[in-house]
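# Working through the structure, step by step
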Amino acid sequence: MSAGGPGRGRRRALVSRLVSFSASHRLHSLSSEENVKLFGKCNNPNGHGHNYKVVVTVHGEIDPVTGMVMNLTDLKKYMEEAIMEPLDHKNLDLDVPYFADVVSTTENVAVYIWENLQKFLPGGVLYKVKVYETENNIVVYKGQ
């Protein structure tokens, strides 16, 4: 019997899980004058913070025995290790080595999360990382 029942082929699904973390950063990658002009208040010398929300989506075939694409307990653990431990309650620029040479925009936070998750997830399972810097500023990264 296939995952879709008698006479049906394998079924695929997307599964998403959300986590939230708080972190501070400073957008600062050019000369002082250019930084102020480009980044405005986000270039505050003391930095500023966000309550980020991250939605991680995995995809694959629904296992005919378990009925799952991936065990959500495993995904939760991977997200804890790849997102929460390195980023929550951190100054991204000072506490996360990746951002020593990479400007800590939300785009680059999404790339960082993607690359970190790839270390834990089976190959080809990760579909997208969606990072909400605010409810109005959202970045989607699909590993491209």
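From a predicted model like this one, the values you see are computed outputs, not experimental measurements.

### Section: the UniProt feature "binding site: Zn(2+)" (unreviewed entry) in the protein
When the UniProt feature table is mapped onto this chain numbering, "binding site: Zn(2+)" (unreviewed entry) sits at His 25, His 48 and His 50. Across 26 residues in sequence, these annotated residues keep their C-alpha atoms within 8.5 Å of one another, forming a single compact spot. Here His 25 shows up in strand S1 (residues 12–25). Taking relative accessible area as the criterion, His 25 reaches 1% and is therefore assigned buried.

### Things to note about the sheet that holds S1
Strands sit in the order S3-S1-S2-S4-S5 across an open sheet of five strands; the sheet is mixed. Two strands lie at the open edges of the sheet, namely strand S3 (90–91) and strand S5 (138–141), each paired on one side alone. Bridge count between strand S4 (residues 126–132) and S5: four bridges; the pairing is antiparallel. Within the sheet, the bridge partner assigned to Tyr 132 lies in S5 and is Ile 138. Sheet strands in contact with helix H4 (residues 106–118) are S1, strand S2 (48–61), S4 and S5, and its direction is about 145° off that of S4.

What counts as what
- Residues numbered from 1 in each chain as written.
- Predicted model: local features only at pLDDT ≥ 70, side-chain atom pairs only at ≥ 80, totals over all residues.
- Heavy atoms only, no water.
- UniProt positions renumbered as here; feature names shortened; annotations may be inferred.
- Helix = DSSP H or I, 4+ residues; strand = E, 2+ residues; numbered from the N terminus.
- Buried < 20%, exposed > 50% of the residue type's maximum accessible area, 1.4 Å probe, protein only.
- Pairing = 2+ DSSP bridges.
- Contact = heavy atoms within 4.5 Å.
- Axes fitted to C-alpha atoms, helices over the stretch in contact; angles between N-to-C directions.

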